[in-house]
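Read off the chains here:
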Amino acid sequence: MNEHHFSVSPLVRQAARNLHRLELMAGNTAWSSNPFYRQYFWRTRRMMARTPDESAAWLPALAFAVSCEKDPAVLPEFARWPLPEPLPPEALPWRDRIIQVWEQYPTATAWVKTICLSALVRLDRRAERLPEWLGEARRALDLVGYGRYLRLAALAGWRPRPGDGPPHGDKAEAAQAWVRFWEERYRTPDFALDGWSAAAALLHLAEAGWLPSGLSPERLRAELRQRVRQCLVSYDDRPVLPMLLSSVPADASAPERRQQDIMAWLELTHRNVQWEKRELVWGMLAAWQREGVLERSGRGRLPEPPLLLPDLARTLEWEQDRDVLQAMAGYVPEAADVSAHPEAARTVVARWEALSRSDNWRTRREAWVARWNFLRAGVLTTEEQGRFGADYVEAIGAEDDRDVLLALAQITPPGTFPLAIWTRRLSDQDGRHRLAAHMAIHGWLVDMAGGGQRIASGSEASGEGRVASGRSPLTTRYSLLATRRRQVRQVLRRAGQEVTGTVAPFVNLPHNVLPDFRRLHEIETALAAGHLPPPPDAGAGNRPIPRTVPSRLPEAHPRTGPPGITGRTAGRTAGSEPPARHPFPKVIRHE
């Protein structure tokens, strides 16, 4: 097999790994036959801490997942995937592709069309598309009941791109009509939820300086908060309000005013408040915190992230609702938050540790996501890291819930990778247990083949790599890998795995667990050239069939420290070599 003619950037490499992993899962019956399994996977993935590049690296996999998804219940998880601003240059064609996938998705029902529009207004923020969104908003008024509310809530999520002022010339008429439409809904709403959507839409326009009416962002924020305080959230309201509030950005004005806004929202997380409201508010506050990680620039100077650890610690003492706990698990603490409130940080870590041993599977799942986020944030002490690793090994050996095991398979523990335990889980009778084990082992093997490097994936034991405040990406190192590559390459070739470059050591595993490095190379090559690869079975006929090789693997190599992520990074994610520039074909870029 020919050698690489160029080296790919760490971003492209990680995007290829994500897409390769998703192709592996999509070919598994346990994955394709259960939409709830896919829904939980993507929800868990979205809640996990990511750097800006890590979030962008999921775009090709998301485009593939949306194009394959047939169940409408899973689609909202794709539509809510956050994007960093600005996107890295390599990721622009991937965003164009996912926009195209959403535009071409068959909208058999009004609900599916609403989800597609919700995704499109977030992905494509050009003013040129306002006539299209305005037409959809006017047609939404003819819908009945919650179909109308959901459609307006989806369209209200559109906001101008950073730095885009009010359009002039030919574009001005559509922009003015868009403003008038929402002002009319705001002043004389036909229904209460119409007014909610109008307030959210006008907030986006006011922050961009598009409102001539004088409505200030502060007034609109206060009004949205007051509406949440006064309303009784019904079962039917639950899909509408998260769609609205998830698009509301953090206050970018003076820090004092922003802190007042946060404290007012935190009043709605008290024990005597309806649990649906507590879920909404915690989900929004956690998203605001992550926004500081995902947006490297944007609306001018980003405000300092909210410091929520004391409130999180107090709430975790009594909160038992699993939907609220899920929203709270998405909070990734800032270094400033930890430094200011070290005792609260230890309390929160201890509480999540206890909840990860709960009798309820959903509580365990959310607690493991939260523990992972704190690990990657560099919050855990050496003792807490040791407990994390020990609890993880115990959990993957004993866990009997398929969804919790799926979450554990997406977590890379500090220290030695527990390959032997995951290998035993390949013999479980439950197909979804086997798939989780397959995914964990496959990801580890591919990481090993790449020299143990991921996009910003490791930190020293001192905990220097903190999630939102760190400035330099870090790399995971496998200390023994370099000395074994030559021998292992021979073993992989005997197994029918033609590989260029580095290779992965492995144990006596079933052949379907071994990564198809030829396919991975195809994906990398396509992504580096600015387009998605052909379907995975296009060239399968020419590939050798892997064979199981009775060769022992040296125990999985330990890392030098726990995995960590960085915050806002000005350039590319670090790797051992500088990222290569790849010529992109001419594509329509929605910039």
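Every value quoted in this text rests on a predicted model; they were computed, and no experiment measured them.

Considerations on the nonpolar core
No. 1: Ranked by size, the top nonpolar core spans 170 residues in total, and within it Trp-42, Trp-102, Trp-178, Trp-182, Trp-352 and Trp-422 carry the most contacts.
No. 2: With eleven residues, the top contributor of residues to this core is helix H25 (residues 431–449).
No. 3: Those residues in contact with Trp-182 that sit more than four places away from it in its chain are Leu-152, Leu-155, Ala-156, Ser-197, Ala-198, Ala-201 and Leu-202.

As for helix H17 (residues 309–316)
No. 1: For H17, the tally of buried residues reaches seven of eight residues, placing the bulk of the element in the interior.
No. 2: For H17, the set of buried residues is Leu-309, Pro-310, Asp-311, Leu-312, Ala-313, Thr-315 and Leu-316.

What about the pattern of salt bridges?
No. 1: Per the stated rule, a full pass over the model turns up 35 salt bridges.
No. 2: When the shortest N-O distance is used, the salt bridge between Arg-17 and Asp-447 registers 2.9 Å. A residue pair is termed long-range when its members are at least 10 positions apart, and Arg-17 in helix H1 (residues 10–26) and Asp-447 in helix H25 qualify at 430 residues. As far as the burial class goes, Arg-17 and Asp-447 line up, both buried.

Brief notes about helix H3 (residues 35–47)
No. 1: Between its first and last C-alpha, H3 extends 18 Å over 13 residues, near the 18 Å set by a 1.5 Å rise per residue.
No. 2: Here H3 lies mainly inside the structure; eleven of its 13 residues are buried.
No. 3: Residues Tyr-37, Arg-38, Gln-39, Tyr-40, Phe-41, Trp-42, Arg-43, Thr-44, Arg-45, Arg-46 and Met-47 constitute the buried set of H3.

So, the packing of H1 against H25
No. 1: At a minimum axis distance of 11 Å, the contact between H1 and H25 shows a crossing angle of 150 degrees. Classed by the angle they form, the pair H1 and H25 counts as roughly antiparallel. The hand of the H1/H25 crossing is right-handed. Facing H1, whose interface residues are Arg-17, His-20, Arg-21, Leu-24 and Met-25, H25 presents Leu-435, His-438, Met-439, His-442, Gly-443, Val-446 and Asp-447.
No. 2: Taken together, the residues of the contact of H1 with H25 break down into five nonpolar, four polar and three charged.

Thoughts on the confidence of the model for the protein chain
No. 1: Taken residue by residue, the protein chain gives an average pLDDT of 79. The fraction at 70 or more is 76%.
No. 2: Note on residues 452–488: pLDDT under 50 across the span, and 129 contacts to partners over four residues away in sequence or across chains.
No. 3: The low-confidence segment residues 566–591 (pLDDT under 50) makes 86 contacts with residues lying over four places distant or belonging to another chain.

So, the side chain of Arg-38
No. 1: Relative to the helices and strands, Arg-38 is located in helix H3.
No. 2: Dropping the residues within four chain positions of it, Arg-38 is found in contact with Trp-31, Ser-32, Ser-33, Glu-69, Asp-71 and Val-74.

Digging into the packing of H17 against helix H20 (residues 342–355)
No. 1: Packing of H17 against H20 brings their axes to within 9 Å, and their N-to-C directions diverge by 40 degrees. For the pair H17 and H20, the sense of crossing is left-handed. Along its contact with H17, which presents Leu-309, Pro-310, Leu-312, Ala-313 and Leu-316, the element H20 presents Ala-344, Ala-345, Thr-347, Val-348, Arg-351, Trp-352 and Leu-355.
No. 2: Taken together, the residues of the contact of H17 with H20 sort by class into ten nonpolar, one polar and one charged.

Criteria and thresholds
- Residues numbered from 1 in each chain as written.
- Predicted model: local features only at pLDDT ≥ 70, side-chain atom pairs only at ≥ 80, totals over all residues.
- Heavy atoms only, no water.
- Core = buried A, V, L, I, M, F, W, Y, C linked by side-chain atoms within 4.5 Å.
- Buried < 20%, exposed > 50% of the residue type's maximum accessible area, 1.4 Å probe, protein only.
- Helix = DSSP H or I, 4+ residues; strand = E, 2+ residues; numbered from the N terminus.
- Contact = heavy atoms within 4.5 Å.
- Salt bridge = Lys/Arg side-chain N within 4 Å of Asp/Glu carboxyl O.
- Expected span 1.5 Å × (residues − 1).
- Axes fitted to C-alpha atoms, helices over the stretch in contact; angles between N-to-C directions.
- Parallel < 35°, antiparallel > 145°, perpendicular 65-115°, else oblique.
- Left-handed = near helix turned anticlockwise from the far one by under 90°.
- Nonpolar A, V, L, I, M, F, W, Y, C, P; charged D, E, K, R; others polar.
- pLDDT = per-residue confidence, 0-100.

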